[in-house]
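One letter stands for each residue in the lines below.
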Amino acid sequence: MKYKYDTHIHSLEASACGKNGIREMVKAYHKAGYTGFIVTDHFIHGNTAVPRELPWKERMKKYYDVYLQAKEEGDKLDFDVFFGVEHYYEKARETLVYGIDLDFLLSHPELETADIDTFAKIVHDSGGILVHAHPYRKRDYIPLDYQARIDLCDGIEVYNAHDTWEYNKLALADALALKKFPFSGGDMHRIDDPTIGNAGIVLNKRVNSMSEFIKSIQASDYIVLIDGKEYSSIE
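Residues numbered from 1 in each chain as written. Predicted model: local features only at pLDDT ≥ 70, side-chain atom pairs only at ≥ 80, totals over all residues. Heavy atoms only, no water.

Q: Quick question: what am I supposed to make of helix H2 (residues 56–77) here?
A: Residue pairs three or four apart in sequence face the same way in an α-helix, which turns once every 3.6 residues. A rise of 1.5 Å per residue sets the reference length of H2, with its 22 residues, at 32 Å; its end C-alpha atoms lie 33 Å apart and thus fit the reference within 8%. Of all the positions in H2, only Trp 56, Arg 59, Met 60, Tyr 63, Tyr 64, Val 66, Tyr 67, Ala 70, Glu 73 and Gly 74 are classed as buried. Among the structural elements, helix H1 (22–31), strand S2 (36–42), strand S3 (80–89) and helix H3 (102–107) are those in contact with the buried residues of H2. (Helix = DSSP H or I, 4+ residues; strand = E, 2+ residues; numbered from the N terminus. Expected span 1.5 Å × (residues − 1). Buried < 20%, exposed > 50% of the residue type's maximum accessible area, 1.4 Å probe, protein only. Contact = heavy atoms within 4.5 Å.)

Laid out in structure tokens, this is it:
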């Protein structure tokens, strides 16, 4: 039996671009046959729906509360939910952060002013990992003269369900050349998106925590889902 997880999910509650609530997202992914997903709402400098004027601890609790809502809904459906964030850094680039929790966030208010090198070090020192999201995406708000800091990341999103094949192929080439873990994410914002089911990580065993998920990644014991097809090796 195989277990499918999406690694890149947004919610109406914490991402300003989210179209559906996190409980609706859980139900949609459960219906689509996924075992679980990782909530990765836009973090402090990105397109967040969490008020920036709130004190640090209150802001962090609001991010984490979305995950708690998702987990509560997931528990009803035997659907796994894990916590992460999508961190926006210099020049509109973003990296997915896994392996952190509320205690980590509450303990590191310096993240608000940290540059990306410092941010990555704090995450790594705490046992977390970073996966660069859509490093070659082109939008009117993303400057084209800035190279994504893939060097600081453990993995690269080689398939983003909302990027073109051109951009995904460039990310794949980087993952191969730099020996980074290849990732696949839906970058999902709404429950009626036709690409639900096209992206994610497929495991041979179900995991009970984010740390177990990360161990499977670090052991390369996973399959990448690309456009709905499973790839046990990426070349």
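Q: Got a minute to help me understand the side chain of Asp 6 in this structure?
A: If you trace the backbone, Asp 6 turns up in strand S1 (residues 3–9). No salt bridge is formed by the buried Asp 6, whose closest oppositely charged neighbour, Lys 4, lies at an N-O distance of 9.0 Å. Among the polar contacts made by the side chain of Asp 6, one reaches the main-chain amide nitrogen of Gly 186 at a distance of 2.8 Å. (Lys, Arg positive; Asp, Glu negative; His and termini not counted. Salt bridge = Lys/Arg side-chain N within 4 Å of Asp/Glu carboxyl O. Polar contact = N/O pair within 3.5 Å; in protein donor to acceptor, adjacent residues only side chain to side chain.)

Q: Would you mind showing me how to read the packing of H1 against H2 here?
A: Each pair of packed helices gets described by two things: the angle between the helix axes and the distance between those axes. Remark: H1 packs on H2, axes separated minimally by 8 Å, with the N-to-C direction vectors making an angle of 35 degrees. Handedness of the crossing formed by H1 with H2: right-handed. Taking contact as the criterion, the partners of Ile 22, Arg 23, Val 26, Lys 27 and His 30 in H1 are, on H2, Val 66, Gln 69, Ala 70, Glu 72, Glu 73, Gly 74, Lys 76 and Leu 77. Tallied by class, the residues present in the contact of H1 with H2 amount to 5 nonpolar, 3 polar and 5 charged. (Axes fitted to C-alpha atoms, helices over the stretch in contact; angles between N-to-C directions. Left-handed = near helix turned anticlockwise from the far one by under 90°. Nonpolar A, V, L, I, M, F, W, Y, C, P; charged D, E, K, R; others polar.)

Q: What should I look at first to understand the sheet that holds S2 in this one?
A: Hydrogen bonds along the backbone pair up the strands of a sheet, which may run parallel or antiparallel. Spatially, S7-S6-S5-S4-S3-S2-S1-S8-S9-S10 is the arrangement adopted by the 10 strands of the open sheet, whose pairing is mixed. Strands at the two margins of the open sheet, each flanked by one partner only, are strand S7 (181–185) and strand S10 (229–231). Shown here is a sheet whose adjacent strand axes are inclined to one another by a mean of 30 degrees, direction ignored. Relative to strand S9 (residues 223–226), strand S8 (residues 200–203) runs antiparallel, the two sharing 3 bridges. Considered in S9, the bridge of Val 202 is made with Ile 223. Packed on one face of the sheet, H1 meets S1, S2 and S3 and runs near 145 degrees to S2. (Pairing = 2+ DSSP bridges.)

Q: Which parts of the structure should I look at to understand the environment of Val 97?
A: For Val 97, the location among the structural elements is in strand S4 (residues 93–98). By relative accessible area, Val 97 is classed as buried at 1%. The sequence separation of Val 97 and Lys 31 amounts to 66 residues, and the corresponding C-alpha distance is 26 Å. Those residues in contact with Val 97 that lie beyond four places of it in its chain are Gly 84, Val 85, His 87, Phe 119, Val 123, Ile 129 and Leu 130.

Q: Teacher, can you tell me more about the nonpolar core here?
A: Most often, soluble globular proteins have nonpolar side chains that are buried together. In this structure, Tyr 29, Phe 37, Phe 43 and Phe 119 are the most contacted members of the largest nonpolar core, which totals 52 residues. With 7 residues, the top contributor of residues to this core is H2. Setting aside residues up to four positions removed in sequence, Phe 43 forms contacts with Thr 48, Trp 56, Met 60, Tyr 63, Val 85, Glu 86, His 87, Leu 105 and Phe 119. (Core = buried A, V, L, I, M, F, W, Y, C linked by side-chain atoms within 4.5 Å.)

Q: Is there a simple way to explain the side chain of Arg 59 in this structure?
A: Take Arg 59: it is sitting in helix H2. Judged by its relative accessible area of 4%, Arg 59 falls in the buried class. Leave out the neighbours within four places in its chain, and Arg 59 touches Ile 44, Val 50, Pro 51, Arg 52, Leu 54 and Glu 112.

Q: How do you make sense of the environment of Ile 100 when you look at a structure like this?
A: Structurally, Ile 100 is set in the loop between S4 and H3. Classification of Ile 100 as buried rests on a relative accessible area of 8%. Each C-alpha atom of the pair Ile 100 and Glu 58 lies 17 Å from the other, and the pair is 42 residues apart in sequence. The contact partners of Ile 100, leaving out residues within four places of it in the chain, are Phe 83, Val 85 and Leu 105.

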